[in-house]
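Summary of the model geometry
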Amino acid sequence: HAIRVYDAQTHKLLYALGAPAGPLDVAREGHVGCVTCLKLCGRRLFSGGGDRTLRAWDLKDRGPLRKVGEHGAIVTALAVAGATLCSADADGFVGLWDLETLEAAGELEAKPSIYALAVVGPVLFAARGDGEAVVAWDVSTKARADAPPYAAESLLAVGKKLYLGRDDGSISVWDAA
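Residues numbered from 1 in each chain as written. Predicted model: local features only at pLDDT ≥ 70, side-chain atom pairs only at ≥ 80, totals over all residues. Heavy atoms only, no water.

A word on the nonpolar core
Counting 17 residues, the largest nonpolar core has Cys 86, Val 94, Ile 114, Leu 117, Leu 124 and Trp 137 as its most contacted members. Counting residues per element, the ones that place at least two in this core are β7 (75–81), β8 (84–89), β9 (93–98), β11 (116–120), β12 (123–127) and β13 (135–138). In terms of residues, this core owes the most to one element, β7, which gives three residues. Excluding anything up to four places from it in sequence, Cys 86 contacts Ala 77, Leu 78, Ala 79, Ala 81, Val 94, Gly 95, Leu 96, Leu 117 and Leu 124. Ala 116, Phe 125, Ala 152 and Leu 164 belong to the second-largest nonpolar core, a separate cluster that totals 14 residues. (Core = buried A, V, L, I, M, F, W, Y, C linked by side-chain atoms within 4.5 Å. Buried < 20%, exposed > 50% of the residue type's maximum accessible area, 1.4 Å probe, protein only. Helix = DSSP H or I, 4+ residues; strand = E, 2+ residues; numbered from the N terminus. Contact = heavy atoms within 4.5 Å.)

Some thoughts on the sheet that holds β12
Pairing within the open sheet is antiparallel, and its four strands lie in the order β11-β12-β13-β14. Strands with a single pairing partner mark the edges of an open sheet, and in this sheet they are β11 and β14 (143–144). (Pairing = 2+ DSSP bridges.)

Description of the pattern of salt bridges
All told, the structure shown has four salt bridges when counted by the stated rule. Between Asp 58 and Arg 43 there is a salt bridge, with the nearest N and O atoms lying 2.4 Å from each other. Taken as a pair, Asp 58 in strand β5 (residues 53–58) and Arg 43 in the loop between β3 (35–41) and β4 (44–49) lie far apart in primary sequence, 15 residues in all. What makes Arg 43 partly exposed here is its relative accessible area of 41%. Here Glu 132 ties to Arg 128 by a salt bridge, and the two come within 3.5 Å at their closest N and O atoms. With a relative accessible area of 31%, Glu 132 lands in the partly exposed category. (Salt bridge = Lys/Arg side-chain N within 4 Å of Asp/Glu carboxyl O.)

Here's what the structure looks like:
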């Protein structure tokens, strides 16, 4: 499967990342199944998938860099905290990856599952859904950090504010400073 890039105005296909050049070109294949989340970082695009893998793509060369790693469940969210790529999964784990080397740099846990990630400064926030409160860590130390005492299904960080999409249809704003 490929990640297709379209022109936003004309809706024409510009190119496809990971599209096989031919039937035997398995090295250029992308995820097996759906792409569940994306994160752009410089000239690299990171993708998580239903196949439980995390992949890196080179936008300049329009091809895959490599499979970064695997999770035990569907990859649900991606975020970048400083020099660390964070990938969350449906089993409640966050994989930490060095952005330069793309090597594993640790793991965090927030059971039962993680729906979304957001970063404010060095702090990574995880929305767990299912009525569970948001959790947070200082990514550099992997220690728990202060988090809003609310459950959330989605997160958005803007400046020092953290917006929480709640399961009751509301949006809360938390000052993460």
